[in-house]
Protein chains: 4
Amino acid sequence: MIDYNFASDYTEGALPQIIERLADTNLLQTEGYGTDRFSGEARDKIRQAAACPGALVQFLVGGTQTNATVIDAVLRSWQGVVACQSGHIAVHEAGAVEFGGHKVLTLPACDGKLRAEDVDALCRAHENNETKDHEVEPGMVYISQPTELGTLYSRKELEDLSRVCRKWGLPLYADGARLAYALACPENDVSLEDMAHLCDVFYIGGTKCGALFGEAVVCRDPALMPHFFTIMKQHGALLAKGRLLGIMFDTLFTEGLYEEAGRNAIETARRLKEILKGCSLPFVIDSPTNQIFVTMPNDLLEKVREFTLLTVWGPHDETHTDVRFVTSWATKMETVEAFGKKLTELYKS
Amino acid sequence: MIDYNFASDYTEGALPQIIERLADTNLLQTEGYGTDRFSGEARDKIRQAAACPGALVQFLVGGTQTNATVIDAVLRSWQGVVACQSGHIAVHEAGAVEFGGHKVLTLPACDGKLRAEDVDALCRAHENNETKDHEVEPGMVYISQPTELGTLYSRKELEDLSRVCRKWGLPLYADGARLAYALACPENDVSLEDMAHLCDVFYIGGTKCGALFGEAVVCRDPALMPHFFTIMKQHGALLAKGRLLGIMFDTLFTEGLYEEAGRNAIETARRLKEILKGCSLPFVIDSPTNQIFVTMPNDLLEKVREFTLLTVWGPHDETHTDVRFVTSWATKMETVEAFGKKLTELYKS
Amino acid sequence: MIDYNFASDYTEGALPQIIERLADTNLLQTEGYGTDRFSGEARDKIRQAAACPGALVQFLVGGTQTNATVIDAVLRSWQGVVACQSGHIAVHEAGAVEFGGHKVLTLPACDGKLRAEDVDALCRAHENNETKDHEVEPGMVYISQPTELGTLYSRKELEDLSRVCRKWGLPLYADGARLAYALACPENDVSLEDMAHLCDVFYIGGTKCGALFGEAVVCRDPALMPHFFTIMKQHGALLAKGRLLGIMFDTLFTEGLYEEAGRNAIETARRLKEILKGCSLPFVIDSPTNQIFVTMPNDLLEKVREFTLLTVWGPHDETHTDVRFVTSWATKMETVEAFGKKLTELYKS
Amino acid sequence: MIDYNFASDYTEGALPQIIERLADTNLLQTEGYGTDRFSGEARDKIRQAAACPGALVQFLVGGTQTNATVIDAVLRSWQGVVACQSGHIAVHEAGAVEFGGHKVLTLPACDGKLRAEDVDALCRAHENNETKDHEVEPGMVYISQPTELGTLYSRKELEDLSRVCRKWGLPLYADGARLAYALACPENDVSLEDMAHLCDVFYIGGTKCGALFGEAVVCRDPALMPHFFTIMKQHGALLAKGRLLGIMFDTLFTEGLYEEAGRNAIETARRLKEILKGCSLPFVIDSPTNQIFVTMPNDLLEKVREFTLLTVWGPHDETHTDVRFVTSWATKMETVEAFGKKLTELYKS
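Note that the structure is predicted; figures quoted are calculated from it, not measured. (Residues numbered from 1 in each chain as written. Chains lettered and ligands numbered in written order. Predicted model: local features only at pLDDT ≥ 70, side-chain atom pairs only at ≥ 80, totals over all residues. Heavy atoms only, no water.)

**Some remarks on the overall build of chain A**
The helix and strand tally for chain A stands at 14 helices and twelve strands. Its C-alpha atoms give chain A principal-axis dimensions of roughly 60 × 60 × 35 Å. Per element, the accessible surface of chain A, about 12,200 Å² overall, is 50% carbon and sulfur. Looking at chain A, you have 34 positive and 49 negative side-chain charges, and the mean spots of the two groups are 2 Å apart. (Helix = DSSP H or I, 4+ residues; strand = E, 2+ residues; numbered from the N terminus. Areas by Shrake-Rupley, 256 points an atom, 1.4 Å probe, with all protein chains shown as cover. Lys, Arg positive; Asp, Glu negative; His and termini not counted. Charge placed at Lys NZ, Arg CZ, Asp CG, Glu CD.)

Below you can see the structure in the form of structure tokens.
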């Protein structure tokens, strides 16, 4: 019987405050498509939190949808988007970027991160390429914060990337599906304000960070994405009852709820890491956020899966497997402890 | 001050039962992407209600998204979708079908409806066209029930269309964004079961019919849309917390809630029609469902808009305008009466 | 046995001067992709003939390819192209524009032509449409000169269209697949220079007007189509041996060959019209160029088709059919006379 | 002054026999779009040469166009095409495959070739991937013979690839832009018949192998690419005067002209390789066909470029550059010798 679920950060519904707020506002009448007052207030709070008074803020439903829509809005038809090989858009979105007609130009990842120097080299090589007009032009850069491996760009790394991008005229876009978990991390030195000013577009993830669903796109200079509303509609990404997204983000950005949601995941992840370490399970990567990657002996894994949901990341060697544990805003510390107790027993036996 | 809002059927949140259910299940953990048990139960209830035990049932978030995804799943690259000129996909979806690479082949509408004979003539003309290989092949037929003008296909009309479609090998797809309002209508003789058997694919609208959002695609023969899950992902149409859709449709298909939601809209629309008639406002079209189209003198309209939200459909003549009133699952009879009182006063003065 | 072929204007190869020139230059070595000196010279001659010294001139292979590539280069993702219902892109190009992600917004045709007032009304309606952000924005206008029905825009009509397009900020694009036949027509008062200045982009047709193949795109302001070379490559529209196109257009624009090619088609068409009139065959439309549309009794048609290739345009009534005869740069006057003799005999018997 | 041009195999027009044949047939009238008798005869000759009596044979204009059109015809919307990282479609086609909505799934190249074991591993990994429904499905495999680096798949290698592809149900497609140069190569053991039977689709390159332009697609089982004619039209890849392609391929497949064209390139390449070797220029790769890759000291390169066109492939190290020499059907042995004399003088000085 499955007692523990560390498979992802979208296994529950939403923060109780959000459910309450949806219930309280349920029968109020509003206009549609995000033109309602809740969405207006949420936009204002986000602009303020990001210190971007003139930013375009739009709410979409999910991450793949947001990535595909933003990328399509920023790129021109002859351009592609640069991402690292492990980037979500490069692997896990069923070709949504290509469906929109654009190539993902991949670069090697270093701890799940794109390096400024690699982007610079790619752009220089393109510039110097005698047949560059026969190739896809790098048109923007995609990163995620935290990355798909739970790692974080430092402020210095983000500044470097931002500088290289501006040097080459490439908009920098950050996928913040798990942004709350970066912001709440003690190791993190990149603020929401930094995201807004070092990136050209980024999104604040709601789906994995306490909302029922929803991602808030923030674009410092609205001229970068003209007619974004219509492009959202064209992508099927415009929610009729946009108020739901407005209400959820308004709630998340009231009284520090978004940060609080993040903190819980980080604290429970920290404890889980101690437990895993105590069982001599080596970490695949040193991730400071809510995703934990460890290598497990296959026989132990088999027993653990009898009572736990986790994600198999891939085979490590013939007798070991790399697996991922994820905590979230909803993970209870007592659940972690109870799981820890069972795991430690198994380990000792 | 705006006291009355008849602008659309998505001005409120959701049926109270749905909010309650979301609250009750909020902290349960489930798997993602619609593989959870709530979604499973909702699928079973829908299959049973539609008498389609082997049907593919998938839940998407919104109408434009559903149309674009289904059409892309059914058509091959050289085909287009047949719709009437006033069809939602032909006008109001910002080119989402074309974004997916397909042409909308339009035919004249008769009371908002596509006629079987017109589809037959189009197919015959294509078949006999000496240069047909230079043209887009009709690959499926799109209708909506009720239509964009609130009218209904009769069982006879739907059977005729279905027969013509099968004769030419064209899958018939029905957009049921407001299906509850058709099903609840005394004039309607097309059951959910009929929809499932006369159409090849259709969707049961949730967004406008009592859910927070969501549309349930029903496809009698799953072989018609292979890899639909991946196509959903590619379209950004796969909700991470698919359980939300499952919970909502499970609730709607329990104890006749979906029908009940429909009935309220029909009853309030009926009363509103009496009021409008009493004020000598002529109907633009005879719609039996929850959308009411009347012609209003411009000076009256100006006054009405001071306290009412409604939709301007377009100019009628120099001194009159065609407008649309919409009721929904959430419209209260006392609101209709109060509005009626104010309108009648204006009319008499 | 088929003795006469009036089915199209691409039934032969090319003007003898073109074949000679290809033979003479055959073993010269040049660079590829239109960067050779022949293409350079052809560009200069076209810029001079069109009085457009700064124009972008690029050579593509065929008409559908040119339309799809230009339209994709001019439009942004949220826009569509306005055309009349009988426009080539709307009907005869297998959905190539939609394959590129764009909708064709159709307007009624008047003698195969788009009317300035209809474009103006469409743009005004879009501007005033309260839900315009949910619809495809008109992004450019497509016409053909001569039209698909062989008719001509007068200078006045083209000026009116151009004025309306500039008023609304819409680039005007003219498909000149048969432009030679317009230019050579005594009824025509639109010069090549007018085309270049009243339109924003147009193409000079080679395939149907004396070349083996090829269309020359002329765009007064190159900023309208940034990265057009790469977009051509992306569309598979960049010929490796671009020199072939350069040589052919250089030849066509030397010593008035393009006009001469046009004149032959017009003169032979004129004679053919006299013959058809002499046989009491009514014209479907009054076309001054090289396409002639007449209504034929079915029994006569059957006999004519025994020795003639022509195009069946469609049924006229139960006993008559509308057919099209086409002459070209290659049509010999004696062929027309010989056909005329046989037709007249049939008519008299 | 440029005396020698080894920049590519499309620097001249066409084999004299082809020019003659075009001249001879120039004023004959034929039907359009490849339905003419010349195209019919060319198809028959190709089917016979490839021992594929039931094959679909269609003629397109250029390589990028052919790749994009075939790939779009074979893949379904949720699939991508597997290619090696140096594959033409992966790098040099300006994103034409992505423009059609499909991802290129790249694998490492070994001497420019895809290895059967890598394709097998990719497919197995996809099959075993728990989240495979969120990823692009491998839908076909793309190779080129010879490869972009001038290397050849052996019969054994092609059989292995073919076996793996069939095991996983993936159509195997070979880009034969330079196929004549493979077929004429003594080291080659893959016949045209082998190509047709080990691949599911391939194309016989004309543009680089003696024709003015043109590529002949051969598909053993026409059911693999339904409605290919219309897909060609949609891609702007249907030549109005298809007879030109028919005439050229008919000529190439008469009296062994295609093989002969190939042989000249191989013989001149062989001699050029001796000369380069004599000047101690190391080969970057051991290519048996008409592309020769050598590393040159930068100061020598500078001098050589004063009188020679060649292709800079990329920097080798700080003082050396990798360059490509290409011979073709048109390269004269005396040109090679004259160039050799000048190069040897430079080398000795």
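Further notes follow.
**Section: the interface of chain B and chain D**
The figure often quoted for interface size is the accessible area lost as the parts come together. With 18 residues of chain B at the contact, the number on the chain D side is 18 residues. Both sides of the chain B and chain D interface together cover about 1,700 Å² of buried area, and 56% of this is carbon and sulfur. It is Arg76(B), Trp78(B) and His134(B) that lose the most area in chain B upon contact with chain D, and together they represent 35% of the buried surface on that side. Remark: the boundary between chain B and chain D carries zero salt bridges. The interface formed by chain B and chain D includes six residue pairs in polar contact (both at pLDDT 80 or more). Sorting elements by how many residues they give to the side of chain B that touches chain D places helix 10 (residues 228-234) of chain B first, with five residues. Of the residues belonging to the side of chain B that touches chain D, the class tally is six nonpolar, six polar and six charged. (Contact = heavy atoms within 4.5 Å. Buried area = accessible area lost by both parts, 1.4 Å probe. Salt bridge = Lys/Arg side-chain N within 4 Å of Asp/Glu carboxyl O. Polar contact = N/O pair within 3.5 Å; in protein donor to acceptor, adjacent residues only side chain to side chain. Nonpolar A, V, L, I, M, F, W, Y, C, P; charged D, E, K, R; others polar.)

**Looking at the interface of chain D and chain C**
The interface is formed by 45 residues belonging to chain D together with 44 residues belonging to chain C. Roughly 4,000 Å² of surface becomes buried between chain D and chain C when both sides are summed, with 60% attributable to carbon and sulfur atoms. The largest share of the area that chain D buries against chain C comes from Tyr10(D), Phe99(D) and Lys241(D), three residues that together contribute 19% of it. Applying the counting rule to chain D against chain C returns zero salt bridges. Run the count over chain D and chain C and you get 30 residue pairs in polar contact (both at pLDDT 80 or more). Sorting the residues of the side of chain D that touches chain C by element identifies helix 1 (16-25), helix 3 (63-74), helix 5 (96-99), helix 10 (228-234) and helix 11 (243-252) of chain D as the ones contributing at least two each. Residues belonging to the side of chain D that touches chain C are distributed by class as follows: 21 nonpolar, 17 polar and seven charged.

**Some words on the relation of the copies chain D and chain C**
Laying chain D over chain C is done by rotating through 180 degrees and shifting 0.0 Å along the axis; what remains is an RMSD of 0.0 Å. Considering both components of the superposition, the chain copies are consistent with a two-fold axis. Both copies present the same face, since 98% of the interface residues in chain D are matched by interface residues at the equivalent positions in chain C. (Least-squares fit on C-alpha atoms with pLDDT ≥ 70 in both.)

**Here's the deal with the pattern of salt bridges**
All chains considered together, the criterion is met by 72 salt bridges over all chains. Its salt-bridge partner being Arg271(C), residue Glu337(C) comes within 2.7 Å of it at the nearest N-O pair. Taken together, the positions of Glu337(C) in helix 14 (residues 333-348) and Arg271(C) in helix 12 (residues 257-278) put the pair 66 residues apart, joining distant regions of the chain. Salt-bridge contacts for Glu159(D) lead to Arg155(D); the nearest nitrogen and oxygen are separated by 2.0 Å. Highlighted residues: Glu159(D) and Arg155(D), both in helix 7 (residues 155-168), separated by four residues, approximately one helical turn. Judged by relative accessible area, Arg155(D) falls into the partly exposed class, the value being 30%. Taken together, the shared-partner salt bridges in this structure form one network comprising Arg21(A), Lys45(A) and Asp250(A). (Buried < 20%, exposed > 50% of the residue type's maximum accessible area, 1.4 Å probe, protein only.)

**Topic: the sheet that holds strand 12 (residues 320-326) of chain A**
All names here are of chain A. One open sheet accounts for three strands, arranged 9-12-11; its pairing is antiparallel. Across the chains shown, the open sheet's two edge strands, defined by having one partner strand only, are strand 9 (291-297) and strand 11 (311-317). Strand-to-strand twist of the sheet, defined as the mean angle between neighbouring strand axes without regard to direction, takes the value 30 degrees. Sheet analysis places strand 11 next to strand 12, joined by five bridges and oriented antiparallel. Directly across from Val312, in strand 12, lies its bridge partner Val323. (Pairing = 2+ DSSP bridges. Axes fitted to C-alpha atoms, helices over the stretch in contact; angles between N-to-C directions.)

**Structural notes on empty space enclosed by the protein**
Under the defined criterion, the tally for this structure stands at 15 cavities of 30 Å³ or more. The calculated volume of the largest cavity comes to roughly 760 Å³. The wall of the largest cavity is formed by 45 residues, among which Phe99(A), Phe99(B), Gly100(B), Phe99(C) and Phe99(D) lie closest to the centre. Elements that contribute at least two residues to the lining of the largest cavity include exactly helix 3 (63-74) of chain A, helix 3 (63-74) and helix 10 of chain B, helix 3 (63-74) and helix 10 (228-234) of chain C together with helix 3 of chain D. Grouping the amino acids of the lining of the largest cavity by side-chain chemistry returns 19 nonpolar, 18 polar and eight charged. (1 Å grid on protein atoms, 1.4 Å probe; cavity = no way out; pocket = protein on both sides within 12 Å on 5 of 7 lines; lining within 4 Å. Points joined across faces, edges and corners; volume = space filled by probe spheres on them.)

**Let's talk about the sheet that holds strand 2 (residues 56-60) of chain A**
Residues and elements named next belong to chain A. An order of 2-8-7-6-5-3-4 is seen for the seven strands of this open sheet, with the pairing classed as mixed. Each having just a single partner strand, strand 2 and strand 4 (104-107) make up the two edges of the open sheet. Adjacent strand axes in the sheet meet at a mean angle of 25 degrees when their direction is disregarded. Note that strand 3 (residues 79-84) and strand 4 share four bridges and pair parallel. Counterpart to Cys84 in the pairing with strand 4 is Leu107. The strands touched by helix 2 (residues 37-49) within the sheet are strand 2, strand 7 (201-205) and strand 8 (215-219), with strand 2 carrying the most contacts at an inclination of about 125 degrees.

**Here we look at helix 12 of chain C**
Between its first and last C-alpha atoms helix 12 of chain C spans 32 Å; for 22 residues at 1.5 Å apiece the expected length is 32 Å, and the two agree. Leu257(C), Tyr258(C), Ala261(C), Gly262(C), Ala265(C), Ile266(C), Thr268(C), Ala269(C), Leu272(C), Lys273(C), Ile275(C) and Leu276(C) are the residues of helix 12 of chain C that are buried. (Expected span 1.5 Å × (residues − 1).)

**Details of unusual backbone geometry**
Residues Gln145(B) and Pro146(B) are joined by a peptide bond in cis, for which omega reads -10 degrees. Tracing the backbone shows Pro146(B) in the loop between strand 5 (137-144) and helix 7 (155-168). Positive phi, close to 55 degrees, is recorded for Ala51(A), a residue that is not glycine. Tracing the backbone shows Ala51(A) in the loop between helix 2 and strand 2.

**With respect to the pairing of strand 12 (residues 320-326) of chain D**
Residues and elements named next belong to chain D. Most of strand 12 is tucked away, with six of its seven residues classed as buried. As paired strands, strand 9 (residues 291-297) and strand 12 are joined by seven bridges and run antiparallel to one another. Looking at the pairing, Gln291 lines up with Val326 of strand 12. The turn joining strand 11 (residues 311-317) and strand 12, which pair antiparallel and follow one another in sequence, is formed by two residues.

**Points about the relation of the copies chain B and chain D**
Relating the two copies of this chain is a rotation about some axis coupled with a shift parallel to it. When chain B is fitted to chain D, the best match, at an RMSD of 0.0 Å, comes from turning it 180 degrees and sliding it 0.0 Å along the axis. Taken together, the interface assignments show that 100% of the residues at the interface of chain B recur at the interface of chain D, consistent with an identical surface on both copies.

**Things to note about the environment of Glu187(C)**
All names here are of chain C. With respect to the helices and strands, Glu187 occurs in the loop between helix 8 (179-183) and helix 9 (192-198). For the pair Glu187 and Asp322, spaced 135 residues apart in the sequence, the C-alpha separation amounts to 24 Å. Residue contacts for Glu187: discarding those within four places in its chain leaves Arg270 and Pro288. A distance of 3.4 Å separates polar atoms of two side chains, one belonging to Glu187 and the other to Arg270.

**Structural notes on the packing of helix 1 (residues 16-24) of chain C against helix 11 (residues 243-252) of chain C**
Residue and element names in this part refer to chain C. In the contact formed by helix 1 and helix 11, the axes pass within 10 Å of each other and the chain directions differ by 135 degrees. Taken as axis vectors, helix 1 and helix 11 run oblique relative to one another. Regarding helix 1 and helix 11, the two cross each other, and that crossing is right-handed. Only Leu244, Ile247, Met248, Asp250, Thr251 and Leu252 of helix 11 make contact with helix 1, whose side of the interface consists of Gln17, Ile18, Arg21 and Leu22. (Parallel < 35°, antiparallel > 145°, perpendicular 65-115°, else oblique. Left-handed = near helix turned anticlockwise from the far one by under 90°.)

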